[in-house]
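# Structural overview for review
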Protein chains: 2
Amino acid sequence: MYSTDFTKRLLTYRLSLTHLKKVGLNDVYSHLLAGETSHSASLIRKDLSRLQVKGKRRGGYDIDTILQAINAYFGNKERDRIILAGMGNIGKAIIQNKDFEKHNIQIIASFDLNPAIQRKKFSIPVFPMEKCREIVVNYKIDVAILAVPAFSAQSVCDQLIQCGIRGILNFAPVNLKVPDNVYVSNVRLVDELQQVIYHTKQKRKHGEYS
Amino acid sequence: MYSTDFTKRLLTYRLSLTHLKKVGLNDVYSHLLAGETSHSASLIRKDLSRLQVKGKRRGGYDIDTILQAINAYFGNKERDRIILAGMGNIGKAIIQNKDFEKHNIQIIASFDLNPAIQRKKFSIPVFPMEKCREIVVNYKIDVAILAVPAFSAQSVCDQLIQCGIRGILNFAPVNLKVPDNVYVSNVRLVDELQQVIYHTKQKRKHGEYS
DNA sequence: TAGATTGTTAATCGATTAACAATC
DNA sequence: TAGATTGTTAATCGATTAACAATC
């Protein structure tokens, strides 16, 4: 079982490699990828060895081979289908983002408590929460994006789990309580920004150029 | 110098403590906060000791004292003012999010290359990039949110830095190249989701309930 | 008092890095 | 060949945890 850090790094590698490929490269040295991703060459070699990707002793690694290995690691075969709960600002921004489709992730439906929103036309159907179980079961959905206001987040989360959801990407500023068999990851926009502000100030104080 | 992990945990504590306070509590035990945040009681006590917050040997910690210490750590005095580059879906979702204001972060202006967008009415003014230096200098702005499309991310990033920006919260799926004195943090929505999907599948396979 | 919790020290654990032999 | 890079092992580093004395 590899760490979540490893999994995260793989996606960073993929981003850089896709870029390098577009720019015309076929091979990378570990130290080149290091410069692109701000991970050390040593760590990259270790990660690639964990992925069982073999390089050429003096010619670096074949980019396509790495990309294939990364995609295989994430299970690139079938399209992943997920649902969205909450059609507020964040929910709308998410369904308009084409990057998910590009990576074979399809948001098949959305849920919202507000009937006015249910009646509006979006690129995906919007249902009331009552429809959730039906869709999760019929389409065998495992993962949901939770983008509802903080005050209803725990309750909607509970409902999603009740319906069979086992993985949640949560945008609400709340520490969700979930059973052990449910995986939750939080995107806390305010916290992210606060951290950038904090670390920027620190850099000013202690940085090389202060 | 504390780790970025420590800084991140503090914001998680704050979220839970604010919640617990609203629910009517005045004090917390380390193990209670542990249950809320999914960090160990031991780590929480260590973090609080790093923050120089003292508890009562048998009565736990005073919530307000912790909250004050956390806010002091982040420098709660003055309001932080930042700018936004890119008024696409994500940019719009961000300026509509009231949580930033709640935490004393003010987005004072936005920039977009598209003149049509510049003319639209939003809750904050939208300028062409040429105005950037003027605003960054006049208002002494350090931090920017970068929410432009991937293809222009590096170029807009370079311009921001040119104007004096030293901290960037980047939403574009790109590994930005920046000088050493600039702090960058990335929010990769697609990657976050891909990780949730991956870990959810893994839990199915290896989890307690498989 | 007995029991429970803090605060801190020492031990553990795991992730990253350094180093270098293998090899193209 | 000489030089450069991989692949792996051992060393380091730091973060987390365990343990427990202090104490309310």
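Everything discussed here concerns the structure shown above.
For the structure given in this document, a descriptive report is provided here. (Residues numbered from 1 in each chain as written. Chains lettered and ligands numbered in written order. Predicted model: local features only at pLDDT ≥ 70, side-chain atom pairs only at ≥ 80, totals over all residues. Heavy atoms only, no water.)

## Things to note about empty space enclosed by the protein
- Inspection of the entire model under this criterion finds two cavities of 30 Å³ or more.
- The calculated volume of the largest cavity comes to roughly 100 Å³.
- Looking at the lining of the largest cavity, the elements with two or more residues in it are α5 (89-96) of chain A together with α5 (89-96) of chain B.
- Of the residues contributing to the lining of the largest cavity, the split by class is 10 nonpolar, one polar and no charged.
- Looking at the second largest cavity, its volume works out to about 30 Å³. (1 Å grid on protein atoms, 1.4 Å probe; cavity = no way out; pocket = protein on both sides within 12 Å on 5 of 7 lines; lining within 4 Å. Points joined across faces, edges and corners; volume = space filled by probe spheres on them. Helix = DSSP H or I, 4+ residues; strand = E, 2+ residues; numbered from the N terminus. Nonpolar A, V, L, I, M, F, W, Y, C, P; charged D, E, K, R; others polar.)

## Some words on unusual backbone geometry
- Positive phi is not limited to glycine here, since Ser38 of chain A has a value of about 60 degrees.
- A positive phi is found at Asn104 of chain B, a non-glycine position, where the angle reads about 70 degrees.
- Residue placement: Asn104 of chain B occurs in the loop between α6 (99-102) and β4 (105-111).

## Details of the protein's contact with DNA strand C
- Surveying the vicinity of DNA strand C reveals 23 residues, the closest of which are Ser40 of chain A together with Ser30, Gly55, Arg57 and Arg58 of chain B.
- The sugar and phosphate moieties of DNA strand C supply 57% of its atoms located within 4 Å of the protein.
- Taking Arg45 of chain A, its side chain carries an N or O atom lying 3.3 Å from a base nitrogen of DNA strand C.
- Between Gly55 of chain B and DNA strand C, the recorded distance is 2.6 Å, taken from a backbone N or O atom to a phosphate oxygen.
- Here the element with the most residues in the surface near DNA strand C is helix α3 (residues 41-50) of chain A; it accounts for four residues.
- Of the residues belonging to the surface near DNA strand C, the class tally is four nonpolar, eight polar and 11 charged. (Near = heavy atom within 4 Å. Polar contact = N/O pair within 3.5 Å; in protein donor to acceptor, adjacent residues only side chain to side chain.)

## Overview of the interface of chain B and chain A
- Contact residues are listed per partner, giving 66 residues for chain B and 66 residues for chain A.
- Across the chain B/chain A interface, buried area totals approximately 6300 Å², and carbon plus sulfur atoms make up 63% of it.
- For the chain B face of the interface with chain A, the top three residues by lost area are Leu193, Gln194 and Tyr198 of chain B, together amounting to 10%.
- Linking chain B with chain A are eight salt bridges.
- In this structure, the connection of chain B to chain A is made through 19 residue pairs in polar contact (both at pLDDT 80 or more).
- With 17 residues, the top contributor of residues to the side of chain B that touches chain A is helix α10 (residues 189-206) of chain B. (Contact = heavy atoms within 4.5 Å. Buried area = accessible area lost by both parts, 1.4 Å probe. Salt bridge = Lys/Arg side-chain N within 4 Å of Asp/Glu carboxyl O.)

## A short note on helix α4 (residues 63-74) of chain B
- Between its first and last C-alpha, α4 of chain B extends 17 Å over 12 residues, near the 16 Å set by a 1.5 Å rise per residue.
- Every buried residue belonging to α4 of chain B is among Ile63, Ile66, Leu67, Ala69, Ile70, Tyr73 and Phe74 of chain B, and all of these are buried. Along α4 of chain B, the residues classed as buried sweep out an arc of 160 degrees about the axis, all on the same side.
- Along its buried surface, α4 of chain B packs onto α10 (189-206) of chain A together with α1 (4-22), β1 (27-28), α3 (41-50) and β2 (61-62) of chain B.
- Positive phi shows up at Gly75 of chain B, right after α4 of chain B, with a value of about 75 degrees. (Expected span 1.5 Å × (residues − 1). Buried < 20%, exposed > 50% of the residue type's maximum accessible area, 1.4 Å probe, protein only. Arc of directions from axis to C-beta.)

## A few points about the environment of Leu146 of chain A
- Along the chain, the position of Leu146 of chain A falls in strand β6 (residues 143-146).
- Here the alpha-carbon distance between Leu146 of chain A and Ser3 of chain A, two residues 143 residues apart in the chain, equals 24 Å.

## Quick look at helix α2 (residues 30-37) of chain B
Residue and element names in this part refer to chain B.
- Within the span of α2, buried status applies to Ser30, Leu33, Ala34, Glu36 and Thr37. An end-on view of α2 places all buried positions within 165 degrees of arc, on one side of the element. Residues His31 and Gly35 are exposed on α2 and point more than 90 degrees away from its buried face.
- In this structure, the buried residues of α2 make contact with α1, β1, α3 and β2.

## Some remarks on the relation of the copies chain B and chain A
- Take chain B, turn it by 180 degrees, move it 0.0 Å along the axis, and it overlays chain A with an RMSD of 0.0 Å. Put plainly, the chains are arranged around a two-fold axis. Across chain B, the rotation axis passes nearest the C-alpha of Ala93 of chain B, at a separation of 3.3 Å.
- Here 100% of the interface residues in chain B have copies in chain A that are interface residues too; the copies meet face to matching face. (Least-squares fit on C-alpha atoms with pLDDT ≥ 70 in both.)

## Regarding the protein's contact with DNA strand D
- Contacts to DNA strand D come from 24 residues, most closely from Ser30, Gly55, Arg57 and Arg58 of chain A together with Ser40 of chain B.
- Here a phosphate oxygen of DNA strand D sits 2.6 Å away from a polar atom, N or O, in the main chain of Gly55 of chain A.
- Within the side chain of Tyr61 of chain A, a nitrogen or oxygen atom sits 2.8 Å from a phosphate oxygen of DNA strand D.
- For the surface near DNA strand D, the secondary-structure elements that each account for two or more residues are α2 (30-37) and α3 of chain A together with α1 and α3 of chain B.
- Considering each element in turn, the surface near DNA strand D owes the most residues, four residues, to α3 of chain B.
- Within the surface near DNA strand D, the residues separate by chemical class into four nonpolar, eight polar and 12 charged.

## Description of the nonpolar core
- In terms of nonpolar packing, the biggest core is built from 47 residues, with Ile107, Ile145 and Leu193 of chain A together with Ile107, Ile145 and Leu193 of chain B touching the most fellow members.
- With sequence-adjacent residues up to four places away left out, Leu193 of chain A is seen in contact with Ile82, Phe100, Ile105, Val143, Ile145 and Leu169 of chain B. (Core = buried A, V, L, I, M, F, W, Y, C linked by side-chain atoms within 4.5 Å.)

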